[in-house]
Amino acid sequence: MLPSIKLRRDVTLVEVGPRDGLQNEKRHVSTADKLDLIEKLARSGLARIEATAFVSPKWVPQMADHDVVMRGAIRHPGLRLSALVPNEKGALAAIAAGAQELAIFTSASETFSAKNTNCTIDESLARFVPIIELAHAAGLPLRAYISCACDCPYEGAIDPTAVASLAAKLCQMGDMEIVVSDTIGMATPDRAVRVIAAVLEALAGTTQIAAHFHDTGGKAIENVAVAWDLGIRIFDGSIGGLGGCPYAPGAAGNINTMKLAEYFEGRGISTGVNLEALCEVNAMAQSWQRP
Ligand code: HMG
Ligand code: MG
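Enquirer: Residue-level account of the coordination of the magnesium ion (ligand 2), with values.
Expert: Distances from the magnesium ion (ligand 2) to its protein donors, namely Asp 20 (OD), His 212 (NE2) and His 214 (NE2), fall within the range 2.0 to 2.2 Å. Here the donor residues for the magnesium ion (ligand 2) map to a single chain with the spacing D-x191-H-x1-H. Highlighted residues: Asp 20 in helix α1 (residues 17–21) and His 214 in the loop between β9 (209–213) and α9 (220–229), separated in sequence by 194 residues. Overall, the relative accessible area of 3% leaves Asp 20 in the buried class.

Shown next as structure tokens:
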């Protein structure tokens, strides 16, 4: 039993630092350090952690140790370890290594889809068919990121209706949490409201929606606040504010999980996280960042 996992949570924080954070770090982070990070995050009370990505090591060398990380990561009944997977090959490997959730990813921008996964949006959906079947057969939950929900690094502003219709298509393919993702981190609260409201309307309460804000423009916490007001109760964060996407030039890391936890606890909204323990992991993660 992890000592600090609390039961009560009014909001769910999904820690994506070991994946979204470390995929973009230029400094080499050893497999042992990754496993230590995941354990410390779990011990701070975070119940959902995206541990690694079963993507091509040629595309993202930082995630090349995905198998060892997933197999070696701490397990606990209150903890769900997720793996990012782009295709059937990744899903098979992730399940064999003990992933407890599969995270698929597509984009509301064709150019980003091509740059990030070498396929069109429709081709990415076709790749999800066997992943969804595998997840279903293994009894694993799924989450689906929609990248470029606000802006694309190549195409500029994205129409919220395109995001909403993509979310609806994904939900027709199977049960999954939809993750509205501000990949380049330049969303403002009014634009965050527009896209989340469009997705909420399209899905009409049929599925959970999570918000994934990068924080390049410094407005991520304001975006979290308006998303909460719209009824969103699942938020992604990256400890230390680590990372970004290697195929989204200039994008900063996700909103720092520490900032998210302090924000919600400060409002009396329980996160289930021990702030003191998280603060120590935050310092460790920040020490890994390049100046
Ligand atoms: P491709 O080159 O078109 O793939 O890449 P392919 O099918 O032609 O295969 C080429 C080689 O890759 C083959 O190996 C395959 O076996 C191998 P070779 O014969 O050359 O030795 N391969 C794999 N190896 C390991 N795991 C796999 C896998 N699949 C094929 N799963 C592919 C297509 C999708 C694989 C590639 O583009 C890729 O891996 N992309 C991942 C990019 C990525 O991870 N980006 C960052 C994560 S997304 C993100 O950060 C956004 C998010 O945070 C939300 C947001 O903020 O917006 C989620
Ligand atoms: Mg991201």
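Enquirer: Lay out the packing of α9 against helix α10 (residues 257–266) with the relevant residues and their values.
Expert: Packing of α9 against α10 brings their axes to within 11 Å, and their N-to-C directions diverge by 50 degrees. Here α10 runs oblique to α9, going by the angle between their axes. Crossing hand, α9 versus α10: right-handed. Contact residues: Ile 221, Val 224, Ala 225 and Trp 228 in α9; Lys 259, Leu 260, Tyr 263 and Phe 264 in α10. Its residues assigned to classes, the contact of α9 with α10 comprises seven nonpolar, no polar and one charged.

Enquirer: How would you sum up the pattern of salt bridges? Please name residues and give values.
Expert: Close approach of charged atoms lets side chains of opposite charge pair. In this structure the tally under the stated criterion is 15 salt bridges. In this structure, the salt-bridge partner of Asp 20 is Arg 19, at a minimum N-O distance of 3.5 Å. Arg 19 shares its class with Asp 20; the two are buried. One salt bridge connects Arg 48 with Glu 101, and the closest N-O pair in it is separated by 3.0 Å. Separated by 53 residues along the polypeptide, Arg 48 in strand β2 (residues 48–53) and Glu 101 in strand β4 (residues 101–107) bring together distant segments of the chain. The pair formed by Arg 48 and Glu 101 is uniform in burial state, with each residue classed as buried.

Enquirer: So what's going on with the sheet that holds strand β5 (residues 142–147)? Which residues, and what values?
Expert: Spatially, the eight strands close up into a barrel ordered β1-β2-β3-β4-β5-β8-β9-β10, and their pairing is parallel. Ignoring strand direction, the axes of neighbouring strands in this sheet form an average angle of 25 degrees. Two strands pair when backbone bridges link them, and β5 and strand β8 (residues 177–182) are joined in this way by four bridges, in the parallel orientation. Bridged to Arg 143 within β8 is Glu 177. Where helix α6 (residues 121–138) meets the sheet, its contacts fall on β4 and β5, and the angle it forms with β4 comes to roughly 170 degrees.

Enquirer: So what's going on with the site of ligand 1? Residues and values would help.
Expert: Not every one of the 27 residues close to ligand 1 is listed here, only the nearest: Gln 23, Lys 58, Asn 118, Ser 147 and Thr 183. In this structure, an oxygen atom belonging to ligand 1 sits 3.4 Å away from a side-chain N or O atom of Lys 89. Here an oxygen atom of ligand 1 and a side-chain polar atom of His 214 are 3.0 Å apart. If ligand 1 stood free it would expose 1,100 Å²; the protein chains cover 75% of that surface. At the level of secondary structure, the elements contributing two or more residues to the shell around ligand 1 comprise α1, α4 (88–96), α5 (110–117) and β5.

Enquirer: Residues and numbers for the pairing of β9, please.
Expert: Along β9, five of the five residues are buried, which leaves the element largely enclosed by surrounding structure. Side chains Ile 209, Ala 211 and Phe 213 project from β9 onto one buried face, and the interleaved Ala 210 and His 212 project onto a second face that is buried too. Bridge count between β8 and β9: five bridges; the pairing is parallel. Among the inter-strand pairings, Asp 182 is bridged to a residue of β9, identified as Phe 213. In terms of handedness, the path from β8 via helix α8 (residues 189–203) over to β9 forms a crossover that is right-handed. By the bridge criterion, two bridges tie β9 to strand β10 (residues 234–237) in an arrangement that is parallel. Bridge pairing links Ala 210 to Ile 234 in β10. In this region the chain leaves β9, passes through α9 and returns to the parallel neighbour β10; the handedness of that crossover is right-handed.

Calculation notes
- Residues numbered from 1 in each chain as written.
- Chains lettered and ligands numbered in written order.
- Predicted model: local features only at pLDDT ≥ 70, side-chain atom pairs only at ≥ 80, totals over all residues.
- Heavy atoms only, no water.
- Donors = N, O, S within 2.8 Å, 3.2 Å for Na, K, Ca; no water.
- Helix = DSSP H or I, 4+ residues; strand = E, 2+ residues; numbered from the N terminus.
- Buried < 20%, exposed > 50% of the residue type's maximum accessible area, 1.4 Å probe, protein only.
- Axes fitted to C-alpha atoms, helices over the stretch in contact; angles between N-to-C directions.
- Parallel < 35°, antiparallel > 145°, perpendicular 65-115°, else oblique.
- Left-handed = near helix turned anticlockwise from the far one by under 90°.
- Contact = heavy atoms within 4.5 Å.
- Nonpolar A, V, L, I, M, F, W, Y, C, P; charged D, E, K, R; others polar.
- Salt bridge = Lys/Arg side-chain N within 4 Å of Asp/Glu carboxyl O.
- Pairing = 2+ DSSP bridges.
- Near = heavy atom within 4 Å.
- Polar contact = N/O pair within 3.5 Å; in protein donor to acceptor, adjacent residues only side chain to side chain.
- Areas by Shrake-Rupley, 256 points an atom, 1.4 Å probe, with all protein chains shown as cover.
- Right-handed = clockwise from strand over helix to strand, strands pointing away.

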